[in-house]
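Residue-level listing of the chains:
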Amino acid sequence: MDLKFDLENPVPEIQQVKFGGALFSVLRLDTIHPEISGNKWYKLKYNLLEAKKRGCSGILTFGGAFSNHIHALAYAANKFGMKSIGMIRGELTEPINPTLKYAKSKGMEMHYVSRSQYRLKTSENYLNSLKEQFGDFYLVPEGGTNLLAVRGAAEILKGIPAFENVCVAVGTGGTLTGLISGGSEKINFHGFPVVRDGSLSGIVRDLLVQCGSQKSNWQLEQKYHFGGYAKFNDTLIDFINAFKASTGIPLDPVYTGKMMFGVINMIKEGKFGSAPNVLVIHTGGLQGISGFNKRFGNLID
Ligand SMILES: *Cc1c(COP(=O)(O)O)cnc(C)c1O
């Protein structure tokens, strides 16, 4: 399969799942493509088209060393015939991890920036100095969220039958915002933050306003971040392994594992009613598992 960014979207599979007494459906964005999976394809699509239209010399972005966004952007830019530059948080450690190795193999130019410098990622002065250094690049922010990303994510539910509830993991909020703006007003959207960030609901609200939407058919489920971004414990790891063994569906420890844990708990607690009608969006992130296992000792099967 070959995804062409200027053509049609892929058609993801919907899988019925039963786990621990909970019954629901999963939208498998993780299987739309072997290399660029999940929500990141949708978020990058219109950004790449825009970068090309503007005639930019390349695409520059920011990300952590295990970032799904870095992985996806490296592939997509390469496929699109554009140069990519990755500003990676922290020092270079050798040997580089599988995410960065992959990005490098797709031609991404890597620059390692200290944590203090990385914090300048949205500062106009800093970005201008990068333009002097690297030329007239197209900037995709950390995590890939901007209005064009939201517009891409708004297409995820196109052609998908309506469910009463739609659940998705939330990092920067771009994907959730897109789903809400593009989806039916009758759907209740549940975002599961994987970060400890009290400003997220404000961010989603602002993004919605910016894309001209006043919808309020959404909420954040704040109880399932497991302590914060990329934090985990045995309960989460055991759940991810048991879920895969029983359903065949792999989950990642940073995003989809936490969200799925939350969804199943909420179904069991009756939070979606007595006959739950739930679509869970599998946003991918599976590329991160090998790096996670290398770091923490093969915790995930
Ligand atoms: C990036 C990512 C998300 C979060 O998307 P946002 O638009 O940043 O909220 C969710 N799941 C996976 C697997 C991701 O890689």
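Anything mentioned here points back to the structure above.
Only a predicted model underlies this, so the values are computations on that prediction, with no experimental measurement involved. (Residues numbered from 1 in each chain as written. Predicted model: local features only at pLDDT ≥ 70, side-chain atom pairs only at ≥ 80, totals over all residues. Heavy atoms only, no water.)

1. Some details on the site of the ligand
- Near the ligand you find 16 residues, and of these K40, K43, T172, T175 and T283 are the closest.
- When the ligand is considered free in solution it has 380 Å² of accessible area, and contact with the protein chains removes 98% of it.
- Secondary-structure elements contributing two or more residues to the shell around the ligand are α1 (39-53), β7 (165-170) and α7 (174-182).
- Per-element accounting of the shell around the ligand gives the leading share, three residues, to α1.
- Tallied by class, residues from the shell around the ligand come to three nonpolar, eleven polar and two charged. (Near = heavy atom within 4 Å. Areas by Shrake-Rupley, 256 points an atom, 1.4 Å probe, with all protein chains shown as cover. Helix = DSSP H or I, 4+ residues; strand = E, 2+ residues; numbered from the N terminus. Nonpolar A, V, L, I, M, F, W, Y, C, P; charged D, E, K, R; others polar.)

2. Some points on α1
- When the terminal C-alpha atoms of α1 are compared, their 23 Å separation across 15 residues agrees well with the 21 Å that a helix rising 1.5 Å per residue should span.
- Helix geometry: α1 is bent most strongly at K45, by close to 30 degrees.
- Most of α1 is tucked away: twelve of the 15 residues are buried.
- Buried within α1 are the following residues: N39, K40, W41, Y42, K43, L44, K45, Y46, N47, L48, E50 and A51.
- G55 occupies a position one or two residues after α1 and carries a positive phi of about 70 degrees. (Expected span 1.5 Å × (residues − 1). Bend = angle between axes of the 7 residues up to and from the residue. Buried < 20%, exposed > 50% of the residue type's maximum accessible area, 1.4 Å probe, protein only.)

3. Things to note about the environment of N277
- With respect to the helices, strands and loops of the structure, N277 is situated in the loop between α10 (256-268) and β10 (278-282).
- Residues N277 and I267 lie ten residues apart in sequence; the distance between their C-alpha atoms is 9.6 Å.
- Other than its neighbours up to four places away in sequence, N277 contacts F163, E164 and N165. (Contact = heavy atoms within 4.5 Å.)

4. Section: the side chain of T247
- Here T247 lies in helix α9 (residues 234-247).
- With residues near it in sequence (within four places) discarded, T247 still touches Q15, V17, K18 and F19.

5. Observations regarding the packing of aromatic side chains
- Throughout the structure, instances matching the rule amount to 14 aromatic pairs.
- Each ring, one from F239 and one from F261, has its centre 5.4 Å from the other, and the planes form 90 degrees; the classification is edge-to-face. Of the two residues, F239 is situated in helix α9 and F261 in helix α10; the sequence distance between them amounts to 22 residues. Each member of the pair, F239 as well as F261, is classed as buried.
- Here the aromatic cluster, defined as three or more aromatic residues joined through ring pairs, consists of F19, F192, Y224, F226, F239, F243 and F261.
- Here the basic side chain of K40 rests over the ring of Y255, its NZ or CZ set 5.5 Å away from the ring centre.
- Positioned above the aromatic ring of F137, the side-chain terminus of K131 is 5.1 Å from the ring centre. (Phe/Tyr/Trp six-rings, centres within 6.5 Å; stacked < 30°, edge-to-face > 60°. Lys NZ or Arg CZ within 6 Å of the ring centre and 35° of its normal.)

6. Notes on helix α11 (residues 288-296)
- If you check which residues of α11 are buried, you get G288, I289, G291, F292 and N293.
- Structurally, α11 contributes buried residues whose contacts are with α2 (68-79), α3 (98-105) and α9.

7. Things to note about the environment of G228
- For G228, the location among the structural elements is in the loop between β9 (218-220) and α9.
- Measuring from C-alpha to C-alpha, the distance between G228 and V280 comes to 21 Å, with 52 residues separating the pair along the chain.
- Those residues in contact with G228 that sit more than four places away from it in its chain are V194, V195, R196 and K258.

8. Some points on the sheet that holds strand β6 (residues 138-140)
- Taken in spatial order, the four strands of this open sheet run β5-β4-β3-β6, and their pairing is parallel. Two strands close off the open sheet at either side, each with one partner strand: β5 (109-113) and β6. Averaged over all pairs of adjacent strands, the angle between their axes in this sheet comes to 20 degrees, without regard to strand direction.
- Looking at chain direction, strand β3 (residues 58-63) and strand β4 (residues 83-89) are connected through six bridges and run parallel. From the neighbouring strand, G63 faces β4, where its bridge partner is I88.
- Along the sheet face, α1 touches β3 and β6 and points at about 165 degrees away from the line of β6.
- Across the sheet, helix α5 (residues 124-134) touches β3, β4, β5 and β6, and the angle it forms with β3 is around 135 degrees. (Pairing = 2+ DSSP bridges. Axes fitted to C-alpha atoms, helices over the stretch in contact; angles between N-to-C directions.)

9. Description of the sheet that holds strand β8 (residues 188-193)
- Taking strand neighbours across the sheet as the criterion, the six strands line up as β1-β2-β10-β7-β8-β9 in an open arrangement whose pairing is mixed. Both edges of this open sheet fall to β1 (13-19) and β9, since each of them pairs with a single strand only. With direction set aside, neighbouring strand axes in the sheet form an average angle of 25 degrees.
- When β1 meets strand β2 (residues 22-28), the two strands line up antiparallel, connected through seven bridges. Of the residues in β2, the one forming a bridge with F19 is A22.
- Seen against the sheet, helix α8 (residues 200-210) touches β7, β8 and β9 and runs at an angle of roughly 155 degrees to β9.

10. Focus: the pairing of β7
- Among the six residues of β7, six are classified as buried, and the element is accordingly described as predominantly covered.
- Direction of pairing for β7 relative to β8: parallel, over a ladder of six bridges. Residue pairing in the sheet places V168 in a bridge with G191 of β8.
- The pairing of β7 with β10 spans three bridges and is classified as parallel. Across the sheet, residue V166 finds its bridge partner in β10, namely L279.

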